[in-house]
Amino acid sequence: MRAASKVAPFFLLIFLSVVLAASTVLAAGDTAMRLKIGEKAPDFRLKDVMTGKTVTLSEFAGKKIVMLEFWATWCDICKREMPNLVKLHNAWKPKGFELLSVVLPAGNINDIKKIINEKKLTYPVLLDADLAMATKLYGLAGPIPLKVVIDHKGVIRYSHVGDYPPGEDELPFVLEDLVKEMGKGK
């Protein structure tokens, strides 16, 4: 009877470990939006906050890998990671990468422009004024910042919610693989 009472907690611990591992795997497939990895990314038309130019996803089709970065002016994590995104954009742009920042409306346009200037953003910042792109097209349903990487064929290949812990950024590895694919014409 004593041996059985010691074995039961062991099996309970194993069971809980398996359940936790399974829930982690399921969470890894969650993109914080309605769209999932492997689906075609919907085209959109948004205006660049600084230039007023209309930008579409389709203009990059067949030419570039695109990362959408969803953020808002009230999001401190979003603003904190911007210097790293500038470095990423500058390093990968010559290799066929474009970062498109999608700011969700909060505050006024001057607040957005102030952040763009303070953070010295080198990539387009697009205003989703009515949230139609984020909520209707992409089904944004979770926290921000949200990064969505779209390959040169327009397929969603990667997403990540939040920032990265110091020294743990997987984006360069994702981009490297997609740049290789693009070069091979896949």
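You'll find the structure just up there.
Predicted model, so just to flag it, every value in this text is computed and none were measured.

Visitor: Before we move on, could you go through the nonpolar core and cite the residues and values that matter?
Guide: Judged by nonpolar contacts, the single largest core of 55 residues is most densely connected at Phe 44, Leu 68, Phe 70, Tyr 138 and Val 149. The biggest single contributor to this core is strand β3 (residues 65-72), with seven residues. Apart from residues no more than four positions distant in its own chain, Leu 68 is found in contact with Phe 44, Leu 100, Met 133, Tyr 138, Leu 146, Lys 147, Val 148 and Ile 150.

Visitor: Residue-level account of helix α5 (residues 171-184), with values.
Guide: Given a rise of 1.5 Å per residue, 14 residues ought to cover 20 Å, and the 20 Å separating the end C-alpha atoms of α5 matches this to within 8%. Along α5, the positions that sit buried rather than exposed are Leu 171, Val 174, Leu 175, Leu 178, Val 179, Glu 181 and Met 182. Down the axis of α5, the smallest arc covering the buried residues is 160°, so these residues share one side. Of the residues in α5, the exposed ones pointing more than 90 degrees away from the buried face are Phe 173, Gly 183 and Lys 184. Contact partners of the buried residues in α5: β3, α2 (76-92), β4 (97-104), β6 (146-150) and β7 (156-161).

Visitor: Could you give me a rundown of the pairing of β3, with the residues and numbers involved?
Guide: Summarising burial for β3: eight of the eight residues are buried, a large majority. Of the two faces of β3, the one holding Ile 65, Met 67, Glu 69 and Trp 71 and the one holding Val 66, Leu 68, Phe 70 and Ala 72 are both buried throughout. Across eight bridges, β3 lies against β4 in parallel orientation. Counted as the bridge partner of Ile 65 is Phe 97 from β4. A crossover connection joins β3 to the parallel β4 through α2; in handedness this β-α-β unit is right-handed.

Visitor: Residues and numbers for the pattern of salt bridges, please.
Guide: Taken as a whole and assessed by the stated rule, the structure comprises eleven salt bridges. The salt bridge involving Lys 147 is made with Glu 81; its shortest N-O contact spans 3.1 Å. On the criterion of sequence distance, the pair formed by Lys 147 in strand β6 and Glu 81 in helix α2 is long-range, its members being 66 residues apart. The exposure class assigned to Lys 147 is buried, which follows from its relative accessible area of 0%. Assessed through its relative accessible area of 6%, Glu 81 is described here as buried. We note a salt bridge from Lys 93 to Glu 98, for which the minimum N-O separation is 2.5 Å. Judged by its relative accessible area of 4%, Glu 98 falls in the buried class. Ionic contacts of the salt-bridge type, sharing partners, join the residues Lys 64, Lys 93 and Glu 98 into one network.

How each quantity is defined
- Residues numbered from 1 in each chain as written.
- Predicted model: local features only at pLDDT ≥ 70, side-chain atom pairs only at ≥ 80, totals over all residues.
- Heavy atoms only, no water.
- Core = buried A, V, L, I, M, F, W, Y, C linked by side-chain atoms within 4.5 Å.
- Buried < 20%, exposed > 50% of the residue type's maximum accessible area, 1.4 Å probe, protein only.
- Helix = DSSP H or I, 4+ residues; strand = E, 2+ residues; numbered from the N terminus.
- Contact = heavy atoms within 4.5 Å.
- Expected span 1.5 Å × (residues − 1).
- Arc of directions from axis to C-beta.
- Pairing = 2+ DSSP bridges.
- Right-handed = clockwise from strand over helix to strand, strands pointing away.
- Salt bridge = Lys/Arg side-chain N within 4 Å of Asp/Glu carboxyl O.

That is the geometry; function is a separate question.
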